[in-house]
Amino acid sequence: MNRVWRCTVCGFEYLESKGLPEEGIPPGTAWEAIPAHWVCPDCGMNKADFHMVEA
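About the thresholds
Residues numbered from 1 in each chain as written. Predicted model: local features only at pLDDT ≥ 70, side-chain atom pairs only at ≥ 80, totals over all residues. Heavy atoms only, no water. Helix = DSSP H or I, 4+ residues; strand = E, 2+ residues; numbered from the N terminus. Rg over C-alpha atoms; globule rule 2.2 N^0.38 Å. Buried < 20%, exposed > 50% of the residue type's maximum accessible area, 1.4 Å probe, protein only. Contact = heavy atoms within 4.5 Å. Salt bridge = Lys/Arg side-chain N within 4 Å of Asp/Glu carboxyl O. Polar contact = N/O pair within 3.5 Å; in protein donor to acceptor, adjacent residues only side chain to side chain.

Caption draft 1: Quick peek at the overall build of the protein chain. If you tally the helices and strands in the protein chain, you get 0 helices and 3 strands. The C-alpha radius of gyration of the protein chain comes to 10 Å, within 12% of the 10 Å expected for a compact globule of 55 residues. Across its three principal directions, the C-alpha atoms of the protein chain cover 25 × 25 × 15 Å. The buried share of the protein chain, taken over its 55 residues, is 31%. Here the analysis covers contacts within the protein chain between residues at least 6 apart in sequence; of these, 40% occur between residues at least 24 apart.

Caption draft 2: Expanded view of the pattern of salt bridges. In total, this model carries 3 salt bridges according to the counting rule given. Between R3 and E16 there is a salt bridge, with the nearest N and O atoms lying 2.8 Å from each other. With a gap of 13 residues between them, R3 in the segment before β1 (4–7) and E16 in the loop between β2 (13–15) and β3 (50–53) connect regions that are remote in the sequence. The pair R3 / E16 is uniform in exposure class, with both members buried. In this structure, E32 engages R3 in a salt bridge whose closest nitrogen and oxygen atoms are separated by 2.5 Å. With E32 in the loop between β2 and β3 and R3 in the segment before β1, the pair connects residues that are 29 residues apart, well separated along the chain.

Caption draft 3: Highlighting the side chain of T29. Topologically, T29 is positioned in the loop between β2 and β3. A polar side-chain atom of T29 sits 2.6 Å from the main-chain carbonyl oxygen of P26. Aside from chain neighbours lying at most four places away, what touches T29 is Y14, E16 and I34.

Set out below in structure tokens:
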């Protein structure tokens, strides 16, 4: 299952299967494994401002 997390402010999506290699988050990294201090790369909102969506 490919979980997708979407920023409620700007709509940026984090796909666990793709990760964010440019930010040091390898493909396959679960949302729970991303540090709590991580912020949206597009708008700077906190990780808490993301919600899981159906992929």
